[in-house]
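# Structure at a glance
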Amino acid sequence: CAVRAKGVRIIPWQYRRRVRLDGLADLLMFARGASVLDLGCSRGLIGYEFAIRGATLVHGCDIATGAIATANHLFNDLTGCNSRFEVADLAEGPPDWLLPAYDLVFMLGVYHKLRRVMPSDALLTLMRGIGVKTRGHFAWNGYAEEFDAIDEAMTWSDLRCVHRSTISGQPTAAWRR
């Protein structure tokens, strides 16, 4: 799928788009009418995939100011989807503007970063709080050694793992209430 130009590996955008949802594409069938929360949303591309498939609300946060500006710009022209993207450092706890619950919650490639800067008990408390905010599905991807800690927090929140995948080489899992 990759093309080489002057020694630089270029990955076509269609492939990058597919890889972004590896192991999670089945969750797109729950998009219509859904509320979505993307923790560590970067430029909002995961939320955008759900919004163009009918999600009516997409919220996201990330520590990167430029990424949040891009996410807000990306959603400017979308009609039928209420969106909100804000700069937030999850190591300081969840943003105070979050709703009590969301149908779909994503935490993709974020946990290992939080693990480096948060005490383990604070991280467990954060993850349990995120689990409680999950009305339908919680999705995560990261490193294999993180799975047990994520599973413990989600199980405590009455979510059960319903899917595990390593399609893209990076462990991905989904829990469901």
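Residues numbered from 1 in each chain as written. Predicted model: local features only at pLDDT ≥ 70, side-chain atom pairs only at ≥ 80, totals over all residues. Heavy atoms only, no water.

## Thoughts on the packing of aromatic side chains
Following the criterion strictly, the structure yields 7 aromatic pairs and no others. Ring centres of Tyr-48 and Phe-75 lie 5.8 Å apart, and the angle between their planes is 90°; this geometry places the pair in the edge-to-face category. With Tyr-48 in helix H2 (residues 45-51) and Phe-75 in helix H3 (residues 65-75), this pair connects stretches of sequence that are 27 residues apart. By relative accessible area, which is 3% here, Phe-75 ends up buried. With 4.8 Å between their ring centres and 50° between their planes, Phe-75 and Phe-85 make a pair best called tilted. Of this pair, Phe-75 sits in helix H3 while Phe-85 sits in strand E5 (residues 82-87), and the two are 10 residues apart along the sequence. As far as burial versus exposure is concerned, Phe-75 and Phe-85 are alike and both buried. A connected cluster of aromatic rings, assembled from ring pairs, spans Phe-138, Trp-140, Phe-147 and Trp-175. A cation over a ring is seen here: Arg-164 above Phe-147, with NZ or CZ 3.5 Å from the ring centre. (Phe/Tyr/Trp six-rings, centres within 6.5 Å; stacked < 30°, edge-to-face > 60°. Helix = DSSP H or I, 4+ residues; strand = E, 2+ residues; numbered from the N terminus. Buried < 20%, exposed > 50% of the residue type's maximum accessible area, 1.4 Å probe, protein only. Lys NZ or Arg CZ within 6 Å of the ring centre and 35° of its normal.)

## A look at H3
Listing the buried residues of H3 in full gives Ala-67, Ile-68, Ala-71 and Phe-75. Burial along H3 is one-sided: seen end-on, the buried residues are contained in an arc of 100°. The exposed residues of H3 that point more than 90 degrees off its buried face are Thr-65 and His-73. (Arc of directions from axis to C-beta.)

## A short note on the pattern of salt bridges
A side chain of one charge can pair with a side chain of the opposite charge when the charged atoms of the two come close. Under the definition given, this model contains 4 salt bridges. Here Asp-103 ties to Arg-135 by a salt bridge, and the two come within 2.8 Å at their closest N and O atoms. Placement of the pair is Asp-103 in strand E6 (residues 102-108) and Arg-135 in strand E7 (residues 134-141), with a sequence separation of 32 residues. (Salt bridge = Lys/Arg side-chain N within 4 Å of Asp/Glu carboxyl O.)

## Digging into the environment of Tyr-143
You can see Tyr-143 is positioned in the loop between E7 and helix H6 (147-156). Contacts of Tyr-143, omitting those with residues within four sequence positions, involve His-112 and Pro-171. (Contact = heavy atoms within 4.5 Å.)

## Observations regarding unusual backbone geometry
At Ser-42, a residue that is not glycine, the phi angle is positive and equals roughly 55°. Among the structural elements, Ser-42 can be located in the loop between strand E3 (35-39) and H2. Overall, Ser-42 belongs to the partly exposed group, its relative accessible area being 32%. One non-glycine residue, Asp-158, lies in the positive phi region at around 65°. With respect to the secondary-structure elements, Asp-158 resides in the loop between H6 and strand E8 (160-165).

## Topic: the side chain of Lys-133
Note on placement: Lys-133 falls in the loop between helix H5 (120-132) and E7. One buried charged side chain, Lys-133, makes no salt bridge at all; its nearest oppositely charged neighbour is Asp-96, positioned 10 Å away. In this structure the side chain of Lys-133 is engaged in a polar contact, spanning 2.8 Å, whose partner is the backbone oxygen of Leu-99. Beyond its immediate stretch of four places on either side in the chain, Lys-133 contacts Leu-98, Leu-99, Pro-100, Ala-101, Tyr-102 and Val-105. (Lys, Arg positive; Asp, Glu negative; His and termini not counted. Polar contact = N/O pair within 3.5 Å; in protein donor to acceptor, adjacent residues only side chain to side chain.)

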